[in-house]
Amino acid sequence: MLQLLILATSLVSTASHPCEQLHTNTMDGYTPFSEDCCQHLVEYQESVTRFVNCSMWWAKPFKVCENCLDEFLLVRQAQISLDSDELKYYGKTCRDALLSSDRIHVIANLRELVQKIWSQSNCEDCYDMVNGSYVISEQTQSFLAMFKDVFNCFQNDDNEGDTVCLSCKAAYAGINEHYSSLGSPSGICMDIAEAMNITRQTWSLRYQCLQRYEDALPVSFIIAVLMLLPVLVYGGVAAIETQHMTKVYKQRVPPRMRAPSQDVFLPSTPPSAAAAANGGSLNLGHSRSFSRTVPLDSTIDESP
């Protein structure tokens, strides 16, 4: 596949283009372009070819934004040069002649293709504009540095998966957290998104670190539940018993006798003492002691 790509590139670079016929007189005396317009076509063809080749080469792993900036700027410069040329040849500008001279619009479609690849990859988000020049942004540099550290950790402990999962856990968690802070994946530079996908796939599929932590999670949860279960059971029983006793107390004790600050408690009086107080004529028929609780605002009835 690589050999075919190299062969195709070499054919494109060495094959003659139609504008060469201006100097060979092989078009029966008719040429649809001026020499200036042919120069625009040559510049556009070379710049688009370089960008397409670069994009194909860095499509996997995706690093188009980082490695194809110069090629994209060449295409943009060729577009600006073509659009700014207002000289007319046979009543048409060079732009009209190249972009809309036929119904297929090959050149126009290639122009849109280049812009589509660059824009849909969010390549602009990888850079900051400084004095009119593209400079890799700080967040991109920070992420790429973390990405390099994670894979250096993977390579150092590549012999055993368990070792990688333990020694690289902090580095992986750090890059994962940093990536989440960048915002929605749809607005992140594709170079960064691809690097994060590779990191996660390596972590979970190759070393199966994610599976190990998922297996450990239910065990930890079960242990925590078993430790809390006695506390929950006894606490629930105590709460239910307290509510039940409060309900029974309210049912058996009259409301006017529930306030302890207004109650008077009479001590139990033995039957013999009560009989002596009444001249020995009191006969209760039983010897059980008794007591009464009377509110302060009530009159004690001492009649037999």
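Residues numbered from 1 in each chain as written. Predicted model: local features only at pLDDT ≥ 70, side-chain atom pairs only at ≥ 80, totals over all residues. Heavy atoms only, no water.

Caption draft 1: Focus on the nonpolar core. F51, L98, W118, F143, F154 and Y179 are the most contacted members of the largest nonpolar core, which totals 49 residues. Among the elements that make up this core, the one with the highest residue count is helix 2 (residues 35–57) (seven residues). For F143, the contacting residues outside a window of four places in its chain are I175, H178, Y179, I192, A195 and M196. (Core = buried A, V, L, I, M, F, W, Y, C linked by side-chain atoms within 4.5 Å. Buried < 20%, exposed > 50% of the residue type's maximum accessible area, 1.4 Å probe, protein only. Helix = DSSP H or I, 4+ residues; strand = E, 2+ residues; numbered from the N terminus. Contact = heavy atoms within 4.5 Å.)

Caption draft 2: Structural view of the packing of helix 7 (residues 138–156) against helix 9 (residues 169–180). Where helix 7 contacts helix 9, the axes come no closer than 9 Å and their chain directions differ by 155°. By the angle class used here, helix 7 and helix 9 are roughly antiparallel. At the point where helix 7 passes helix 9, the crossing takes the left-handed sense. Listed contacts from helix 9 to Q139, S142, F143, M146, F147 and V150 of helix 7 are A171, Y172, G174, I175, H178 and Y179. (Axes fitted to C-alpha atoms, helices over the stretch in contact; angles between N-to-C directions. Parallel < 35°, antiparallel > 145°, perpendicular 65-115°, else oblique. Left-handed = near helix turned anticlockwise from the far one by under 90°.)

Caption draft 3: Looking closely at the environment of A108. Along the polypeptide, A108 turns up in helix 6 (residues 106–120). Under the relative-accessibility criterion, A108 is labelled buried at 17%.

Caption draft 4: Region of interest: unusual backbone geometry. Looking along the chain, the bond that leaves K60 and enters P61 is cis, with omega of -10°. Inspection of the secondary structure puts P61 in the loop between helix 2 and helix 3 (64–67). The phi torsion at N131 lies on the positive side, around 55°, for a residue other than glycine. Structurally, N131 is set in the loop between strand 3 (127–130) and strand 4 (133–136). Within the chain, Q208 stands out as a residue other than glycine whose phi angle is a positive 55°. Within the fold, Q208 resides in the loop between helix 10 (190–206) and helix 11 (209–252).

Caption draft 5: Broad picture of the packing of aromatic side chains. All told, the structure shown has nine aromatic pairs when counted by the stated rule. An angle of 50° between the planes, with centres 5.3 Å apart, marks the rings of F154 and Y207 as tilted. Residue F154 is found in helix 7, and its partner Y207 is found in the loop between helix 10 and helix 11; the two are separated by 53 residues along the sequence. (Phe/Tyr/Trp six-rings, centres within 6.5 Å; stacked < 30°, edge-to-face > 60°.)

Caption draft 6: Quick look at the pairing of strand 4. Two strands pair when backbone bridges link them, and strand 3 and strand 4 are joined in this way by four bridges, in the antiparallel orientation. Bridge assignment links M129 to a residue of strand 4, and that residue is Y134. Between strand 3 and strand 4, which follow one another and run antiparallel, lie two residues, and N131 among them has a positive phi close to 55°. (Pairing = 2+ DSSP bridges.)

Caption draft 7: Representation of the confidence of the model for the protein within the structure. A residue-level look at the protein finds 61% of positions with pLDDT of 70 or above and a mean pLDDT of 75. Between residues 1–11, whose pLDDT stays under 50, and residues either more than four places distant or in other chains, the model counts four contacts. Considering only residues more than four positions removed or in separate chains, one finds that residues 273–277, a stretch of pLDDT under 50, has five contacts. (pLDDT = per-residue confidence, 0-100.)

Caption draft 8: Representation of the pattern of salt bridges in the model. Tallying each qualifying case throughout the model produces five salt bridges. In this structure, the salt-bridge partner of E124 is R76, at a minimum N-O distance of 3.7 Å. Here E124, found in the loop between helix 6 and strand 3, pairs with R76, found in helix 4 (residues 69–84); they are 48 residues apart in sequence, far enough to count as distant. Put simply, D83 and R95 hold a salt bridge, and the shortest N to O gap is 2.9 Å. Taken together, the residues span a long stretch of sequence, with D83 in helix 4 and R95 in helix 5 (residues 94–99) at a distance of 12 residues. Classification of R95 by relative accessible area gives partly exposed; the value is 35%. Connected via shared salt-bridge partners are D83, R95 and R111. (Salt bridge = Lys/Arg side-chain N within 4 Å of Asp/Glu carboxyl O.)

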